[in-house]
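What follows is the residue order along each chain.
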Amino acid sequence: GILYEIGEGEPENFETYETVLLGFVADTPELPDRVQEFLNTYDFGAKSIIPFVLNGENVIDELTDDISQIQPGSLIRDNGLGISGENIEENTQEITEWTENLGLDQTGRSTESSDIQTVADGQVDPTSRQTFYLWETENMPTVTEYKENNGRYADDPDFRPAVRTFPVPEGTNVKGAVLICAGGAFQYRSDQYEGTPVAEALRERGYQSFVVDYRLRPYTQEEGALDLARAVRFVRNHADDYGFQEEDIAVMGFSAGGILSGEMLLNFDGTVNGTALDENYIPDKLDQVSADASACGMIYSFYGRLSVASTDVEKFRESALPPTYFVYGTRDPFVGEFEECIDALEEAGVSVESHVLEGMPHGFGVEGGWIDGYDQWLNKIFEEN
């Protein structure tokens, strides 16, 4: 992370971060002029904002609402902290406990790289959580030359795309499998809101869940889509191990993760392999397994490119897209893009179900109460396969 003082110019490389802790002193329920000016001039987009207000014990709710009005595209988290007094030292213990409970420290789920297997030859344990690299070290389809991180990118050049497994709890009936792609404008993967907690919710409902840690910028959308296709092949190849029918596979994504899912379904499903982008890629046995999916979940997302939905009816029709489930909020800045994409899909004959959440912004992640409806829809799709 970086520490930035409001009023000191635009933060350098701020775009690579998904969460903003916005701290200030407030003597009244109104935002200080300096904070208000900053929020009006800097667009946080779909980032999550967590307020931290000194002397704001009784006004945190009003201030949170004001921030939400100025930044309608951001998700203002309800776990902000308002404490009495203007001195941090007086509240050290309370602040420490608060920060520890925010869930921002993800080091606990890290795995030593030497312990991680690859999807080509790894041994699956359907009762345990595992991580698998998607590609062999010297055989990953790539068109982007990335050798040094100048600080602009979330992943270093040695990053290896992976898939993490979240098995259904023992004794729970298995309905099928879902591959989840968190969003983040291809600048980061918002795992803490859109990856792990969604996988946890879906596994409890009977879906073998898999979070895909795909390639981000400077890599292209197409390279990331190949990562997802590789993960789908792995999941289908081990359908028996995980206890579901191989056709009962869904892909879903949030914001950029949904766009990535759409890219895969439009251009890299079936047995299209890495040679479609990289002629030096050497196909293996896993490439003979289909990357098709029976359902797609677009959570505040669409088929298309970053910020621009596709309305290519002919492309949709010829791609034989699976049934697609849309969920988005009325405060999302891309409502028009969602609606245009849905109209084009329906014109192309694609089965679409959409749910609009009143008052919700972009980036609500697992929140908003949409999971149960998605579960019912997806279960019906799988039962009809």
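Everything below is about the structure printed above this text.
Residues numbered from 1 in each chain as written. Predicted model: local features only at pLDDT ≥ 70, side-chain atom pairs only at ≥ 80, totals over all residues. Heavy atoms only, no water.

Attention shifts here to helix α9 (residues 335-347). Under the 1.5 Å per step criterion, the end-to-end length of α9 is 19 Å for 13 residues, consistent within 8% with the ideal 18 Å. Within α9 the residues assigned to the buried category are Val335, Phe338, Cys341, Ile342, Ala344 and Leu345. Buried residues along α9 sit in contact with β13 (308-309), α8 (313-318), β14 (324-329) and β15 (352-357). Directly beyond the C-terminal end of α9, a positive phi value near 85° is found at Gly349. (Helix = DSSP H or I, 4+ residues; strand = E, 2+ residues; numbered from the N terminus. Expected span 1.5 Å × (residues − 1). Buried < 20%, exposed > 50% of the residue type's maximum accessible area, 1.4 Å probe, protein only. Contact = heavy atoms within 4.5 Å.)

Right, let's get into the nonpolar core. Core analysis: the biggest nonpolar cluster contains 86 residues, and Leu179, Phe234, Met252, Met264, Tyr303, Trp370 and Tyr374 have the highest contact counts within it. Ranked by residue count, the leading element in this core is helix α5 (residues 221-237), at eight residues. In terms of nonpolar packing, the next biggest core, distinct from the first, is built from 18 residues, Leu22, Leu39, Tyr42 and Val59 among them. (Core = buried A, V, L, I, M, F, W, Y, C linked by side-chain atoms within 4.5 Å.)

Here the structure, examined in full by the defined rule, presents 18 salt bridges. Linking Arg164 and Asp213 is a salt bridge whose minimum nitrogen-to-oxygen distance equals 2.9 Å. One end of the pair, Arg164, is in strand β7 (residues 162-166); the other, Asp213, is in strand β9 (residues 207-213), with 49 residues separating them in the sequence. With a shortest N-O distance of 3.2 Å, Glu204 and Arg203 are connected by a salt bridge. One network of salt bridges, with partners in common, ties together Asp155, Arg164, Arg189, Asp191 and Asp213. (Salt bridge = Lys/Arg side-chain N within 4 Å of Asp/Glu carboxyl O.)

Attention now moves to the packing of α5 against helix α7 (residues 256-267). Here α5 crosses α7 at 75°, and the two axes come no closer than 8 Å. Comparing the axis directions of α5 and α7 gives the class roughly perpendicular. Between α5, through Gln221, Glu222, Gly224, Ala225, Leu228, Ala229 and Val232, and α7, the contact on the second element is made entirely by Ile259, Leu260, Ser261, Glu263 and Met264. A class-by-class count of the residues in the contact of α5 with α7 yields seven nonpolar, three polar and two charged. (Axes fitted to C-alpha atoms, helices over the stretch in contact; angles between N-to-C directions. Parallel < 35°, antiparallel > 145°, perpendicular 65-115°, else oblique. Nonpolar A, V, L, I, M, F, W, Y, C, P; charged D, E, K, R; others polar.)

Our next topic: the sheet that holds strand β8 (residues 176-181). Pairing in this open sheet of nine strands is mixed, and the strands run β5-β6-β7-β9-β8-β10-β11-β14-β15 from one edge to the other. Every other strand in the sheet has two partners, leaving β5 (117-118) and β15 as the edge strands with one partner each. Here six bridges tie β14 to β15, and the two strands are oriented parallel to one another. Opposite Val327, over in β15, you have His355 as the bridge partner. Most of the contacts of helix α4 (residues 191-204) go to β9, to which it runs at about 165°, and overall it touches β7, β8, β9 and β10 (249-254). (Pairing = 2+ DSSP bridges.)

In this section: the packing of aromatic side chains. Using the criterion set out here, one finds 21 aromatic pairs in the structure. Summarising the aromatic geometry, the rings of Phe302 and Phe334 are spaced 6.5 Å apart at their centres and angled 75° between planes, so their arrangement reads as edge-to-face. Taken as a pair, Phe302 in the loop between β11 (295-299) and β12 (304-305) and Phe334 in the loop between β14 and α9 lie far apart in primary sequence, 32 residues in all. Taken together, a centroid distance of 5.8 Å and an interplanar angle of 45° make the contact between Phe302 and Phe338 tilted. Note that Phe302 is positioned in the loop between β11 and β12 and Phe338 in helix α9, a separation of 36 residues in sequence. An aromatic cluster is defined as three or more aromatic residues linked by ring pairs; in this entry it consists of Phe254, Tyr300, Tyr325, Phe364, Trp370, Tyr374 and Trp377. The ring of Tyr219 carries Arg215 above its face, with NZ or CZ at 5.3 Å from the centroid. (Phe/Tyr/Trp six-rings, centres within 6.5 Å; stacked < 30°, edge-to-face > 60°. Lys NZ or Arg CZ within 6 Å of the ring centre and 35° of its normal.)

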